[in-house]
Amino acid sequence: DDDDDDDDDDDTNNAAINEAPNQDDVVDMSKTKLETHSDSVYAVACHLQNDDSQLLILSGGGDDKAFFHRLVPNSEAASHQLPYNHSDSVSCVAFNMAFVGPDPKKTPKLAAVGGFDGAIVLYDPETGEQKLKLEGPSDVEWISFHPKGGSVLLAGSGDGTVWMFHVPLNKCLQVFVGHEQGVSAGSFTPDGKLALSASADGTLRIWAPKTGLCKHTFRLGEAGLTCMATNGGSDGQLVLVGAEDGQAHVCHTGTKKVVATLKHFETPTPAASNSNSNNTGGNADDDADMMEYPMSVEGVGFSPLNPNWCATGGVDGVLKIWDLTKDGQCRHICKAAKEDNDGITRLRWHPTLPVVFASTSSGKIRLWDARSGTLVHTMTGHTNMINDMDVQFTRATENGVGGGAAMIVAGGDDQTVRVFEVDVAGVLQQQQVAEMPS
């Protein structure tokens, strides 16, 4: 994320050139556009509360600022800047309300903000008041709350360390040391008993929170790991990590086995790749060419509906659906139209429907039907790359129908946070009707 400065200049020049009428004006399908940031938005998190009537949003960006936004039906969004002055980009934000228990003293509601300056600041999500600041990491790449109570926080650093804090006690409980490069993703296991971290050093590590010791290291190759998902498989013990070489690896935290390696990126055959290198010279060129392909897997996830299904999304613009009951067989390759082939930056499964949400480098958000591999719905509004996306789902109606609407919050390089709303069951039904033989 630090390298974004160079790209921004190019974008502005291109934008100036493309002001001509040939640049399609992006139709803004968002319900709300929040324009509080003055630089790229790197991180967003959202939480629905008060019987789904109120949407809380945290956002952080390259302007070194974090904002708290509250959306209530039929009134203007209320936004305010959070008070802590970061000295570098805000890289990650999180709410813990999905995990808190009934006793607010034991498990207080929290909003957390982490920055490349190493600061982790905790706020009251109701008032936006600063509660405390945790210190330790040299920089913070990601943060993740403990699933049982949300009062313990895990944070990963670019220096290869992972930190575990007890927030109500304002105490560092452990520093997990062992990675040889930056830690790109991490979380607790769904039962809260283990900590997991994935790194640019190509390893996924399992840690014992009580002792701080590494229980197992999955060495998954030379390529750096980029992203991680948990709660896979019928026992919830599968972890999925994406890698820069276009592969994804499924690992079991119980048996310590690599269950499957999914080849997300298929190397084009020499004839298919219109490479301009004219293939002079030997293998060194081939290696260099390989490096030029957009290969990295940037988003991964397990389907809550069927935890033996998982999805991978890559900078190649492809979303793949895999079936782990069949040795990791690829069920569907989901690809937008050729001219629309833009990299996937984040993906999320719907909790009760076979649907995947994917945000992209062009600013579009797409909904895919995982059963058929068809594109169900496209949402536009962002005019540049989406860096982060979070989704909340309204609860099923009285008679148990649907899971109602999805509230999608995205932040991107166009310096905006946008909120989209979509009736997922509805668009899925329309799609199925459209596909029926006449």
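Everything discussed here concerns the structure shown above.
Criteria and cut-off values
- Here, residues in each chain are numbered from 1, in the same order as that chain's written sequence.
- It should be noted that, the model being predicted, local features are given only for residues of pLDDT at least 70 and side-chain atom pairs only at 80 or more, the latter also being counted only at that level, while totals for whole chains, interfaces and linings use all residues.
- For side-chain calculations, the full set of non-hydrogen atoms in the structure is used, while hydrogens and water are omitted.
- A run of H or I in DSSP becomes a helix once it reaches four residues, and a run of E becomes a strand once it reaches two; helices and strands are each numbered from the N terminus.
- In the analysis that follows, any N or O atom pair within 3.5 Å is treated as a polar contact, provided that within protein one partner can donate a hydrogen and the other can accept it, and provided that, for residues neighboring in sequence, both atoms belong to side chains.
- Expected helix span is taken as 1.5 Å per residue step, with the number of steps being one fewer than the number of residues.
- Residue exposure (1.4 Å probe, protein chains only): buried if accessible area is under 20% of the type maximum, exposed if over 50%, otherwise partly exposed.
- Here, residues are in contact when the closest pair of their heavy atoms is within 4.5 Å.
- Throughout, the protein atoms alone are placed on a 1 Å grid, and a set of points is a cavity if a 1.4 Å probe fits but cannot get out or a pocket if it is open with protein on both sides within 12 Å along at least five of seven lines; lining residues have an atom within 4 Å of a point.
- Grid points are joined across faces, edges and corners, and a volume is the space filled by probe spheres set on the points.
- What makes two strands pair is DSSP finding at least two bridges between them.
- For helices, the axis comes from a line fit to the C-alpha atoms of the stretch in contact; other axes are also lines fit to C-alpha atoms, and the angle between any two N-to-C directions lies between 0 and 180 degrees.
- When the centres of two rings from Phe, Tyr and Trp lie within 6.5 Å, Trp using its six-membered ring, the rings pair. Their planes under 30 degrees apart give stacked, over 60 give edge-to-face, and anything left gives tilted.

Student: What is the right way to look at the side chain of D63 in this model?
Tutor: Position of D63 relative to the elements: it lies in the loop between β3 (54-61) and β4 (66-71). Of the polar contacts made by the side chain of D63, one reaches the backbone nitrogen of K65; its length is 3.1 Å.

Student: Explanation requested: helix α3 (residues 424-435) in the structure shown.
Tutor: Owing to its 3.6 residues per turn, the α-helix aligns residues three or four sequence positions apart on the same side. The end-to-end C-alpha separation of α3 is 17 Å, in line with the 16 Å expected for twelve residues at 1.5 Å each. Looking at α3, one finds that the buried residues are V424, G426, V427, L428 and Q431. In this fold, the buried residues of α3 make contact with β27 (355-360), β28 (365-369), β29 (374-379), β31 (405-412) and β32 (417-423).

Student: Just to check I follow, could you spell out empty space enclosed by the protein for this structure?
Tutor: Think of a ball as big as a water molecule: rolled over the atoms, this probe shows where empty space is left. Tallied over the full model, the rule gives one cavity of 30 Å³ or more. As a volume, the largest cavity reaches approximately 50 Å³. Where the lining of the largest cavity is concerned, the elements lending two or more residues are β27 and β28.

Student: Would you explain the sheet that holds strand β1 (residues 32-34) in this entry?
Tutor: Hydrogen bonds between backbone atoms are what pair the strands of a sheet, whose relative direction is either parallel or antiparallel. Within the open sheet, the four strands sit side by side as β1-β32-β31-β30. Their pairing is antiparallel. Here the strands that pair on one side only, and so sit at the sheet edges, are β1 and β30 (386-393). Geometrically, the sheet is characterised by an average inter-axis angle of 20° between neighbouring strands, direction not taken into account. Strand direction decides the pairing type here: β30 and β31, joined by seven bridges, are antiparallel. Each residue of the ladder has a partner; that of V391, found in β31, is I408.

Student: Could you clarify how one ought to interpret the packing of aromatic side chains in this entry?
Tutor: The geometry of an aromatic ring pair is captured by the separation of the ring centres together with the interplanar angle, meaning the angle of the planes. Within this structure, the stated rule accounts for three aromatic pairs. Taking the centre distance of 6.2 Å and the plane angle of 10° together, the rings of W163 and F165 count as stacked. Overall, W163 belongs to the buried group, its relative accessible area being 15%. Judged by its relative accessible area of 2%, F165 falls in the buried class. Aromatic side chains F176 and W207 sit 5.3 Å apart centroid to centroid with 35° between the ring planes, which places their arrangement in the tilted category. In this pair, F176 is assigned in strand β13 (residues 171-176) and W207 in strand β16 (residues 203-207), connecting sequence segments 31 residues apart.

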